[in-house]
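# Residue-level structural notes
Residues per chain, in single letters:
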Protein chains: 2
Amino acid sequence: MNNQRYIECEQCNLFPICDPIKLGEYSYDFIFKQVDRRVFFKRGEVVFHQGDPANSIYALSSGTLKLSMNENNGKADESDRLSLIDFRFAGELVGLSSLTDDVYSYSAYALEDSYLCEILKDQIDGIADTIPEVQKRVITMQNQELKQMQTTMMLMMGRKTSQEKVVSFILMLMLRFRRQGLTETQIVLPMTRIEIGDYLGLTKETVIRILQYLQNKNIIHIQGKVLNVIDKKALEQIV
Amino acid sequence: MNNQRYIECEQCNLFPICDPIKLGEYSYDFIFKQVDRRVFFKRGEVVFHQGDPANSIYALSSGTLKLSMNENNGKADESDRLSLIDFRFAGELVGLSSLTDDVYSYSAYALEDSYLCEILKDQIDGIADTIPEVQKRVITMQNQELKQMQTTMMLMMGRKTSQEKVVSFILMLMLRFRRQGLTETQIVLPMTRIEIGDYLGLTKETVIRILQYLQNKNIIHIQGKVLNVIDKKALEQIV
DNA sequence: CGAGGACTTGATTTTGATCAAGTGTTGTGG
DNA sequence: CCACAACACTTGATCAAAATCAAGTCCTCG
């Protein structure tokens, strides 16, 4: 429960790599040697595009990103639907796949002013070769990402009503905020109703109507971007 | 293009680990030392349950599995919807997460008689500590799985009509069969219409009607479990 | 050969999309 | 600091897509 502007390093998912790794008599302090701290992106700016050379892993220190993919893998010129594949919140990682891929497989946009910590792939590669502990941590981080996606798929796919989807979305937000040590009952939504809809496969009207319904039932209170969860039990019961 | 009963080791996604790894003067031949080859599971049998101690990674030598998760993470006794999160086909991996998790995060069922190669977590751990190359390959394999899930999410979520979903599903099957060196134009569906529906978030009736429609348009021919793709271009055009 | 499950087909209903017409909100330039 | 343009959000009416309900037929395995 903090209201600070930045996620602390200790709360950050890049910490396993940034954290000084002690190996025998050696101690590498990557925080100051390897990481470009707090690169700034303004709202609407692109962190990287799908297809760009993948040179870095980022950790989101503060702010929110949305990740989207072009449907037709690459050729982006045509009238081409974008799908929103995920969001990233403070403390989460972006671009982990750059360790094994040459190019990014999705684009990342800042939904609000955001600070990112950047760590260059080359630098990780260099140290990973010599320190197996770093690779182990990479494996763990990738695994977390895999499980998160599994959970997302489970929540969103399968035969769900739009109401269940929206409620699942709120519960997922709460979970991810709580995991980073932030308050879970009052959430400031950084994304638009359209983006929520794109993510869930619903229209903005449907999203709005369901939020309205939940408000009428006194389960949540929503005013513009500010979402207050009043009755968490009720949300869980719906899903 | 082969019609053999088994995927060859060279086609298998566990090969990067099984493959003898040459490190300086050492050569570890894991195929015969470490891997229990071709464990058999009958149709309907469970390879492992969600929550079971995660002791092994499996590679599917032949057959098909379905992976499903309980919605309420663990307590399985209640009337509890299962969601089908993915399928696994010959040559693909199951349970990679056991490297970093204590228990499996999903259950795996054999949809048809299947042979699996099993490699014990302890054995990988042991060698991975000493050979960074093995860890690198694990990272690559995880990354492949991540990208596959991203693609699945992109195909299935987002605002798609049921027709687009079914067509995407067929194209995904073709891709995954081709990737393992199998024929892509004639596919024997190992799963029921209900399971396809569970995966796509549709009812069996909708799945059937769309397959029927595609058959009437002479794009596919489907007879029970046997699906022939007649006009691949047309399928791609729909998506 | 019989039973249970998988599959199919048609009729009806419901959900959520679409269309339309507004009302906030916000950020920028005069 | 205000005006206004652009965009986000809201609400209602209508429509289409897919779910549900119902009643079978077809496999397949014991």
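## Let's talk about the confidence of the model for chain A
Residue and element names in this part refer to chain A. Looking at chain A as a whole, the pLDDT averages 82, with 79% of positions reaching at least 70. Model confidence for chain A, summarised as mean pLDDT per element, is weakest for strand β1 (residues 21-23) at 47 and strongest for helix α7 (residues 204-216) at 96. Long-range and interchain partners of residues 21-27, a stretch whose pLDDT sits below 50, account for 13 contacts in this model, where long-range means more than four residues apart. Confidence over residues 73-79 falls short of pLDDT 50; this stretch has 5 contacts with residues more than four positions distant or in other chains.

## Brief notes about the nonpolar core
Taken as a class, soluble globular proteins show a tendency for nonpolar side chains to be buried jointly. The biggest cluster of nonpolar side chains holds 92 residues, and the ones touching the most others in it are Phe169(A), Leu235(A) and Leu235(B). The residues contacting Leu235(B), other than those within four sequence positions of it, are Val167(B), Ile170(B), Leu171(B), Met174(B), Leu214(B), Ile219(B), Ile220(B) and Val229(B). Counting residues in each nonpolar core, the second largest holds 24 residues, with Ile119(A), Ala59(B), Val138(B) and Met141(B) among its members.

## Considering the protein's contact with DNA strand C
Residues in close proximity to DNA strand C total 16 residues, the closest being Ser162(A), Glu205(A), Thr206(A), Arg193(B) and Arg209(B). Sugar plus phosphate, as a fraction of atoms of DNA strand C within 4 Å of the protein: 61%. Taking Thr203(A), its side chain carries an N or O atom lying 3.0 Å from a phosphate oxygen of DNA strand C. Sorting the residues of the surface near DNA strand C by element identifies α7 of chain A together with α7 (204-216) of chain B as the ones contributing at least two each.

## So, the protein's contact with DNA strand D
Every one of the 16 residues lining DNA strand D counts as a neighbour, but Arg193(A), Arg209(A), Gln212(A), Ser162(B) and Thr206(B) are closest to it. Across the atoms of DNA strand D situated within 4 Å of the protein, the share located in sugar and phosphate is 59%. At 3.0 Å, a side-chain N or O of Gln212(A) approaches a phosphate oxygen of DNA strand D. Looking at which element gives the most residues to the surface near DNA strand D, the answer is α7(A), with 4 residues.

## Comments concerning the interface of chain B and chain A
On the side of chain A, 40 residues touch chain B, which itself brings 40 residues to the contact. Summing both sides of the interface, chain B and chain A together bury roughly 4,000 Å²; the carbon and sulfur share of this comes to 59%. Of all residues in chain B, Gln150(B), Met154(B) and Arg159(B) give up the largest surface area on contact with chain A, accounting jointly for 17% of the area buried on that side. Taken together, chain B and chain A are joined by 4 salt bridges. Remark: the boundary between chain B and chain A carries 12 residue pairs in polar contact (both at pLDDT 80 or more). Considering each element in turn, the side of chain B that touches chain A owes the most residues, 17 residues, to helix α4 (residues 132-156) of chain B. Here the residues of the side of chain B that touches chain A sort into 14 nonpolar, 15 polar and 11 charged.

How each quantity is defined
- As a convention, each chain's residues are numbered from 1 in the sequence order in which they are written.
- Whichever chain is written first is A, and whichever ligand is written first is 1; the rest continue in order.
- In keeping with the predicted nature of the model, local features appear solely for residues at pLDDT of at least 70, side-chain atom pairs appear and are counted solely at 80 or more, and the whole-chain, interface and lining totals rest on all residues.
- Water and hydrogen atoms were dropped before computing side-chain values, which therefore reflect all heavy atoms in the structure.
- Known as pLDDT, the predictor's confidence for each residue is given on a scale from 0 to 100.
- Helix and strand labels come from DSSP, where a helix needs a run of H or I of at least four residues and a strand needs a run of E of at least two; each type is numbered from the N terminus.
- In this description, contact between two residues means that some pair of their heavy atoms is separated by no more than 4.5 Å.
- For the purposes of this section, nonpolar cores are sets of buried Ala, Val, Leu, Ile, Met, Phe, Trp, Tyr and Cys residues that join through side-chain atoms within 4.5 Å.
- Partly exposed residues are those whose accessible area sits between 20% and 50% of the maximum for their type, while under 20% is buried and over 50% is exposed, using a 1.4 Å probe and protein chains only.
- Working definition: residue near molecule or strand if any one of its non-hydrogen atoms lies within 4 Å of it.
- We define a polar contact as two N or O atoms separated by no more than 3.5 Å, with the added condition that, inside protein, one atom must be a possible hydrogen donor and the other a possible acceptor, whereas residues neighbouring each other in sequence contribute only through side-chain atom pairs.
- By buried area we mean how much accessible surface two parts lose on assembly, using a 1.4 Å probe and totalling the loss over both.
- Any carboxyl oxygen of Asp or Glu within 4 Å of a side-chain nitrogen of Lys or Arg constitutes a salt bridge here.
- Polar here means any residue other than Ala, Val, Leu, Ile, Met, Phe, Trp, Tyr, Cys and Pro, which are nonpolar, and Asp, Glu, Lys and Arg, which are charged; Gly is therefore polar.

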